[in-house]
Amino acid sequence: MGNLPPKELMPRHIGIIMDGNGRWAESRGLSRSEGHVAGAKVFRTISDYCHEIGIEVVTFYAFSTENWKRPIDEVTAIMKLFKEYLVEADEIKYERQKQGYILRFLGDIKGVPKELHHLIDKTQLDSTVENTTIVNIALNYGGRAEIVQSVKKLAEQVKSGKLNPKKITEDDISAGLYTAGMPEPDLIIRMSGEYRLSNFLTWQSAYSELWFTDVLWPDFTTDDLDRAIIEYAKRHRRFGGR
Ligand code: FPP
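What counts, and at which threshold
Here the residue index of a chain counts from 1 through its sequence in written order. The model is predicted, so local features are restricted to residues of pLDDT at least 70 and side-chain atom pairs to those at 80 or more, both for listing and for counting; the totals for chains, interfaces and linings are taken over all residues. With hydrogens and water excluded, all non-hydrogen atoms of the structure serve as input to the side-chain values. The rule for a residue being near a molecule or strand is that one of its heavy atoms must lie within 4 Å of it. Throughout this description, a polar contact denotes any pair of N or O atoms lying within 3.5 Å of each other; where both atoms belong to protein, one of them has to be capable of donating a hydrogen while the other can accept it, and for residues adjacent in sequence the pair is counted only when both atoms sit in side chains. Here the Shrake-Rupley method, with its probe set to 1.4 Å, supplies the accessible areas, and only the displayed protein chains count as covering residues. As defined here, a cavity is a set of points on a 1 Å grid over the protein atoms alone where a 1.4 Å probe fits but cannot get out. A pocket is an open set with protein on both sides within 12 Å along at least five of seven lines, and residues line them when an atom is within 4 Å of a point. Assignment of a molecule to a cavity or pocket requires that more than half of its atoms lie within 2 Å of the corresponding grid points. By the criteria applied, helices consist of DSSP H or I runs no shorter than four residues and strands consist of E runs no shorter than two, each listed in order from the N terminus. Grid points are joined across faces, edges and corners, and a volume is the space filled by probe spheres set on the points. By the convention adopted, Pro, Cys, Tyr, Trp, Phe, Met, Ile, Leu, Val and Ala count as nonpolar, Lys, Arg, Asp and Glu as charged, and the other residues, Gly among them, as polar.

Quick word on the site of the ligand
Around the ligand there are 18 residues in total, and D19, R23, R32, A62 and R70 lie nearest to it. Measuring from an oxygen atom of the ligand, one finds a backbone N or O atom of R23 at 2.7 Å. The separation between an oxygen atom of the ligand and a polar side-chain atom of R70 is 2.7 Å. Taking 630 Å² as the accessible area of the ligand by itself, protein coverage stands at 93%. Structurally, the ligand is housed in the largest pocket. Secondary structure elements with two or more residues in the shell around the ligand: α1 (21-26), α2 (32-52) and α3 (72-91). Top element by residues in the shell around the ligand is α2. It accounts for 5 residues.

Points about empty space enclosed by the protein
Throughout the structure, instances matching the rule amount to 1 cavity of 30 Å³ or more. Estimated volume of the largest cavity: approximately 60 Å³. Lining of the largest cavity is provided by A89, K93, R96, Y101, I102, L103, T123 and L125. Counting only elements with at least two residues in the lining of the largest cavity, the list comes to α4 (93-99) and β3 (101-106). In terms of residue count, the dominant contributor to the lining of the largest cavity is β3 (3 residues). Of the residues in the lining of the largest cavity, the class split is 5 nonpolar, 1 polar and 2 charged.

Right, here's the structure in full:
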């Protein structure tokens, strides 16, 4: 743990767009799937570290609604990694819950293979202690689709006469998102030299600070995360005001 800022300057919610597994593997003459194996190890390290340093929410972009278009072998290898992780997480879920560490999945979970879907349902527990870290895994996730499903819920309420359309607020849209009740991401990190949000937390990122690095995800370390947090703390956030 480096020289992290005091608690009041720490981000409450960090979003991480994991990127570069494929390039990391190709540059070493390995298969892309081996890059994902390395990426999954780093995911474990960084999620555990976020708990250790007291981050309230960390959201990892693990698989987008677009990622199904990848070659079948690669998709199968990624799903295998998710399954391995879920089996492991399921075994230690109560222990973690007591330590203040819970998992949540954001995305269209009905659209993932049945076996994974079942494990996801089993693994998500509610928080039972104060200062819990929520580790969100965005899986089969798309930011625009998330907004659409929130709007559909509101449309149903309007249709049934429970909601006056003139009274719809931003909070109503937020309340229908997968992140309902969580703080919005203060800091979003993307690596591998890409400078896009790629449909990640599209609604929630309106005021997020963005931090980019050329490091590829399998090479990303807790020191890199510290650097991002330290720079975040130095920035003066105004939310459009003075
Ligand atoms: C990004 O690299 C990686 C993904 C889209 C795949 C999924 C992520 C992991 C396997 C790590 C998380 C694992 C768990 C268990 C939650 P890329 O393939 O887009 O890299 P490239 O841009 O170099 O092609």
